[in-house]
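Remarks on the overall topology
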Amino acid sequence: MKKYINFLNLGAQPLANNYLKKNQLKKREIKYRLKVGVNLDNKLVSINKPLSSKMMFNNNYPYRSSMSKTMIYSFKNLAKTIKKKFKPRMVLEIGSNDGSFIKNFSKKKTIGIEPCSNVEKITKKMGYDTYPDYWDKKTAKKILSKRGKVDLIYSANTISHIENLDEVFRSINILLKDNGVVILEDPSLLECLKRNTYDQFYNEHIYVFSLIGIENVLKKHNLKVFNVQNLKIHGGSNRYFIKKTKHPTKINPSVKINRDKEIKYGLNNLSSYNAFAQRVKKSKKKLKDLFKWIKSKKKTVIGYGVTAKSTTILNYCKIGKNYISYFVDTTLDKQNKYTPGTKIPIYKYENINKKNIDFIFLGAWNFKDEIFKKEKKFIKQGGRFITHTPYPKII
Ligand code: JHZ
Ligand code: SAH
């Protein structure tokens, strides 16, 4: 029997990336009760009732990796390392989005899997061999027959979006050469708990992984982690390097170090999750109080970077147009729309001017450094930012 226990209730939430058009504002939005729980057998932390992939990832998907220089730079660096260290003859990316990673490789040596056909079109147009499919056994067999086995599989911020992890790794085993390498990258559960970033939970993020959770899934599929890198990306992510168990590999000390760190923090125990849930409740009250105080001073707040994460924050804390006048975002497919659930207008990003803006709420807090660099003028003029992590405050 699986021991799955809910520890956090994030209330009624709309689809996280479903930005509303003006003519949709009057229609009732479908909402889902978002709860988070831990499976005490395999230590996987997940949302309680995942929606179908088709509901979230279809031909109308707005997210583009290339909107952040941080991501572009990170992918470029990783590609350099991969070429140097593993010298792969064929690379496959699962969740290739707009090609921000694969564009660092030659077209002949690269395959991309991206189910959102509006996004997959971009990489196809660039000349890459990409497929508008979900990653499963059927897709793996299709690629196998067309292109043969691959040396390296990379997937960032995607495996955590797929409910059936056994299918994910069975499919990987179909296509991966015996001495091949899998590199997975996803937000770290440990960092999420430490930084109180409860907004890492939304419909698309079915899981927030720990190393101990990932290892429990991998061992069922004769796969093992041989190296873990802790990254600053997305507020603390882990990059897991994986091989087939039967292939002799030296295990880097980082694996034990990270495993010990997670166990010491208490990712094995329900009490750590309950404590996190208590901090989240406090965080909600504090953020709401902060917005109320700013409103009482008649100051103007706008949002910067409308994210899937901010959908969770705004709907959980019930922060709407009365507190945030509008959001700015560089993503074309989000502009001139409204935030899911809270219906705050989203405008094209233009220069931020302190004359009419006092505070900026960081929807994209994970790119704080990049944003601060860009908004030097606003900061110099005395403009301030609002964040909810590690606790709600003005910076
Ligand atoms: P960002 C999405 O999450 C959804 P989100 C998904 N589930 C996931 O896991 C991650 O991505 C990878 C904008 N921006 O990356 C661009 C500016 O406007 O935090 C984006 O809309 N100006 C697949 O939505 C948003 O902010 C800027 O200078 O939580 C950032 O979205 C910068 C840097 C960003 O992902
Ligand atoms: N790897 C990029 C994109 C992350 S967004 C980055 O790190 O920035 C997640 C991507 O995974 C989306 O483009 C989404 O369409 C895709 N995706 C979602 N479910 C998937 C599945 N079952 N198989 C393959 N890709 C999937």
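Right above here is the structure, for reference.
In this report, we go over the structure that sits alongside the text.

Focus on the nonpolar core
Core analysis: the biggest nonpolar cluster contains 78 residues, and Leu92, Trp135, Phe201 and Ile324 have the highest contact counts within it. Per-element tally for this core: the top contributor is helix α9 (residues 270–296), with eight residues. Excluding residues within four positions of it along the chain, Ile324 makes contact with Phe291, Val301, Ile302, Gly303, Leu314, Ile319, Ile344 and Phe361. Ranked by size, the runner-up nonpolar core spans 33 residues in total, among them Met71, Ile102, Tyr154 and Ile233.

So, the side chain of Glu120
Take Glu120: it is sitting in helix α3 (residues 117–126). Excluding its chain neighbours within four sequence positions, the residues that come into contact with Glu120 are Glu114, Thr130, Tyr131 and Pro132.

Re the site of ligand 1
Among the 26 residues in the neighbourhood of ligand 1, the closest are listed as His161, Glu204, Lys309, Lys334 and Lys374. Thr331 places a side-chain nitrogen or oxygen 3.2 Å from an oxygen atom of ligand 1. Those elements that place two or more of their residues in the shell around ligand 1 are α10 (308–317) and α11 (368–374).

Some remarks on the sheet that holds strand β7 (residues 150–156)
Taken together, seven strands build an open sheet; the order of strands is β6-β5-β4-β7-β8-β11-β10 and the sheet is mixed. Looking at which strands have only one partner, the edges of the open sheet turn out to be β6 (129–131) and β10 (223–231). Put simply, the sheet's adjacent strands are angled 15 degrees from each other on average, direction ignored. Sheet topology places β7 next to strand β8 (residues 176–187); six bridges connect them, and they run parallel. Looking at the pairing, Leu152 lines up with Val181 of β8. The strands that helix α8 (residues 253–265) touches are β10 and β11 (237–244); relative to β10, the one it contacts most, it runs at about 75 degrees.

Describing unusual backbone geometry
Between Thr389 and the following residue, Pro390, the backbone shows a cis peptide bond with an omega angle of -5 degrees. On the secondary structure map, Pro390 appears in the loop between β17 (384–387) and β18 (393–394). Here the phi dihedral of Lys43 falls at roughly 65 degrees; this positive angle occurs in a residue that is not glycine. Within the secondary structure, Lys43 is located in the loop between β2 (32–39) and β3 (45–47).

Cut-offs and rules
Residues numbered from 1 in each chain as written. Chains lettered and ligands numbered in written order. Predicted model: local features only at pLDDT ≥ 70, side-chain atom pairs only at ≥ 80, totals over all residues. Heavy atoms only, no water. Core = buried A, V, L, I, M, F, W, Y, C linked by side-chain atoms within 4.5 Å. Buried < 20%, exposed > 50% of the residue type's maximum accessible area, 1.4 Å probe, protein only. Helix = DSSP H or I, 4+ residues; strand = E, 2+ residues; numbered from the N terminus. Contact = heavy atoms within 4.5 Å. Near = heavy atom within 4 Å. Polar contact = N/O pair within 3.5 Å; in protein donor to acceptor, adjacent residues only side chain to side chain. Pairing = 2+ DSSP bridges. Axes fitted to C-alpha atoms, helices over the stretch in contact; angles between N-to-C directions.

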